[in-house]
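If you want the building blocks of each chain, they are given just below.
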Amino acid sequence: RIAAGGAFFADLCAAAPGEPAAEVAATLWLLVWAGEVTNDAFAPVRSPKALRAAVRQTSAPRRGRRLRRRATTASPAVAGRWLPAAPLFVGASEADRARARAEILLERHGVVTRAAIRAEGVSGGFSAVYGELAALELTGGARRGYFVEGLGGAQFALPGAVERLRDLREPPREPEALVLAAADPAQPYGAALGWPARAGGRASRTAGAHVVLVDGEAVLFLERGGRSLQPLVDLESPALGAAIDALAAAVSFTGRLAVERIDGAAAIGSPLEDRLVTAGFVRGVRRLSIG
């Protein structure tokens, strides 16, 4: 059990003598996903590979108390102070929870739509948070309008999000490419927005998959494991070049890539083969590799 004041990971290991630090870390994160435990630092959630790194680092045998302590605190996945989550909600009424839920949705999405709430799996759907969003509009905490075309008339946004949308009226001179995890809340396709028709059912918000956005448009989908690459725009689109360059540059985050299929066909001989090679991929017998 974690005391109300919290505990560092080394203290948790000391309170469980004989248990491998990797087991303590894995159990701790199971409690995090269950909503039982929280942390006072951002480091544990900033890296998608943090937990796996923690398990690898702490699973090797160590000698001596000092070395054991250093090994159990080195990874970002276990940094900071761990606290029980239950005291944070003591005394909170259902109205307080509803207001907090609406504020979290606004902070997470910027522009909250019916589709976004449906993708979040909020109990009761859009009607469950509509009243609180409307109340936030009356207090100036949110604005109601038709901000994103095609996403329904009932949209609520943070004032800052509205201003950022206005700034995007003038497209940037250079295309801005961004590689995101497919399941990242900041990646709207498959949730608030539908996948492009060219996805052909091959794209989904799957853990381990990635999407390359160029100026906010979904251009490439990399399946989990990196063996298949699906273009989401026409192969002649100028955005493809920027997306491929961004994907190649992001290998340090996604790990080594060995693409075997592109657009449902073999990677070798694909119309995108030369573009990938120019970006740094190396031709193999059956695949294009980088990293």
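Reading the values: rules and limits
- Residues numbered from 1 in each chain as written.
- Predicted model: local features only at pLDDT ≥ 70, side-chain atom pairs only at ≥ 80, totals over all residues.
- Heavy atoms only, no water.
- Helix = DSSP H or I, 4+ residues; strand = E, 2+ residues; numbered from the N terminus.
- Contact = heavy atoms within 4.5 Å.
- Areas by Shrake-Rupley, 256 points an atom, 1.4 Å probe, with all protein chains shown as cover.
- Expected span 1.5 Å × (residues − 1).
- Buried < 20%, exposed > 50% of the residue type's maximum accessible area, 1.4 Å probe, protein only.
- Arc of directions from axis to C-beta.
- 1 Å grid on protein atoms, 1.4 Å probe; cavity = no way out; pocket = protein on both sides within 12 Å on 5 of 7 lines; lining within 4 Å.
- Points joined across faces, edges and corners; volume = space filled by probe spheres on them.
- Nonpolar A, V, L, I, M, F, W, Y, C, P; charged D, E, K, R; others polar.
- Axes fitted to C-alpha atoms, helices over the stretch in contact; angles between N-to-C directions.
- Parallel < 35°, antiparallel > 145°, perpendicular 65-115°, else oblique.
- Pairing = 2+ DSSP bridges.
- Polar contact = N/O pair within 3.5 Å; in protein donor to acceptor, adjacent residues only side chain to side chain.
- pLDDT = per-residue confidence, 0-100.

*Asks:* Any chance you could explain the overall build of the chain here in plain terms?
*Replies:* If you tally the helices and strands in the chain, you get twelve helices and 15 strands. Sequence separation of 24 or more characterises 58% of the internal contacts of the chain that already satisfy a separation of 6 or more. When the accessible surface of the chain is split by element, carbon and sulfur atoms take 53% of a total near 17000 Å².

*Asks:* Help me understand helix α2 (residues 21-33), please; the structure alone is not making it clear to me.
*Replies:* Because each turn of an α-helix spans 3.6 residues, side chains separated by three or four positions end up pointing in the same direction. Its 13 residues place the ends of α2 19 Å apart at the C-alpha level, agreeing with the 18 Å of an ideal helix rising 1.5 Å per residue. Of the residues making up α2, those classed as buried are A21, A22, V24, A25, L28, W29 and V32. End-on, the buried residues of α2 take up no more than an arc of 160 degrees, which puts them together on one face. Residues of α2 that are exposed and point more than 90 degrees away from the buried face comprise L30 and W33.

*Asks:* Just checking my understanding: could you explain the layout of surface pockets for this structure?
*Replies:* Using a probe with the size of a water molecule, rolled over the atoms, empty space left in the structure can be pinpointed. Taken as a whole, the largest pocket holds about 1500 Å³ of empty space. Forming the walls of the largest pocket are 35 residues, and the residues nearest its centre are H109, L165, L168, A186 and P188. Where the lining of the largest pocket is concerned, the elements lending two or more residues are α6 (94-109), α7 (114-120), α9 (159-167) and β7 (177-181). Residues that form the lining of the largest pocket fall into these classes: 22 nonpolar, five polar and eight charged.

*Asks:* What exactly am I supposed to notice about the side chain of T113 here?
*Replies:* Within the fold, T113 resides in the loop between β4 (111-112) and α7. Beyond its immediate chain neighbours, meaning those up to four positions away, T113 contacts F126, L151, A154, Q155 and A192.

*Asks:* Is there a simple way to explain the packing of α6 against helix α8 (residues 126-138) in this structure?
*Replies:* Working note: a packed helix pair is described by the angle between its axes plus the distance between those axes. It is the contact of α6 with α8, at a shortest axis distance of 9 Å, that shows an interaxial angle of 75 degrees. As judged from the angle between their axes, α6 and α8 are roughly perpendicular. In contact with A95, A98, R99, R101, A102, E103, L105 and L106 of α6, α8 contributes V129, E132, L133, A135 and L136. Along the lines of polarity and charge, the residues of the contact of α6 with α8 split into nine nonpolar, no polar and four charged.

*Asks:* Would you take a moment to explain the environment of D11 for this structure?
*Replies:* The topology assignment puts D11 in helix α1 (residues 9-14). Remark: the alpha-carbon pair of D11 and R81, spanning 70 residues in sequence, is separated by 9.8 Å.

*Asks:* I'm lost on the environment of A115 in this one. Help?
*Replies:* Position of A115 relative to the elements: it lies in helix α7. For A115, a relative accessible area of 15% translates into the label buried. In this structure, A115 is in contact with A191 and A192, ignoring residues within four places of it in sequence.

*Asks:* Before we go on, may I ask you to explain the pairing of strand β8 (residues 210-214) in this structure?
*Replies:* As a general feature of sheets, a regular strand has side chains that alternate between the two faces. Burial of β8 is extensive: five of the five residues sit out of reach of the surface. Pairing between β7 and β8: five bridges, direction antiparallel. Opposite L178, over in β8, you have L213 as the bridge partner. Bridge count between β8 and strand β9 (residues 217-222): five bridges; the pairing is antiparallel. Its bridge partner being in β9, L213 is matched across the sheet by A218. Counted between consecutive antiparallel strands, the loop separating β8 from β9 contains two residues, among which D215 sits at a positive phi close to 50 degrees.

*Asks:* What is the right way to look at the environment of R283 in this model?
*Replies:* With respect to the helices and strands, R283 occurs in strand β14 (residues 282-283). Judged by relative accessible area, which is 45%, R283 ranks as partly exposed. For the pair R283 and A258, spaced 25 residues apart in sequence, the C-alpha separation works out to 9.8 Å. A distance of 2.5 Å separates polar atoms of two side chains, one belonging to R283 and the other to E273. Polar contacts involving the side chain of R283 include one to the side chain of D274, which spans 2.8 Å.

*Asks:* What am I meant to see in unusual backbone geometry here?
*Replies:* The bulk of non-glycine residues show a negative phi, and the bulk of peptide bonds are trans. Residue D215 is not a glycine yet carries a positive backbone phi of 50 degrees. Mapped onto the elements of the fold, D215 is located in the loop between β8 and β9. D215 sits in the partly exposed class, given a relative accessible area of 45%.

*Asks:* When you look at the confidence of the model for the chain in this model, what are you seeing that I'm missing?
*Replies:* Should pLDDT be low for a region, the predicted coordinates there are not to be read in detail. Per-residue confidence for the chain gives a mean pLDDT of 83, with 86% of residues at or over 70. Within the chain, no element has a lower average pLDDT than helix α5 (residues 65-73), which sits at 42, and none a higher one than β9, at 95. Note that residues 53-72 has pLDDT below 50 and, in this model, 24 contacts with residues that lie over four places away or in other chains.

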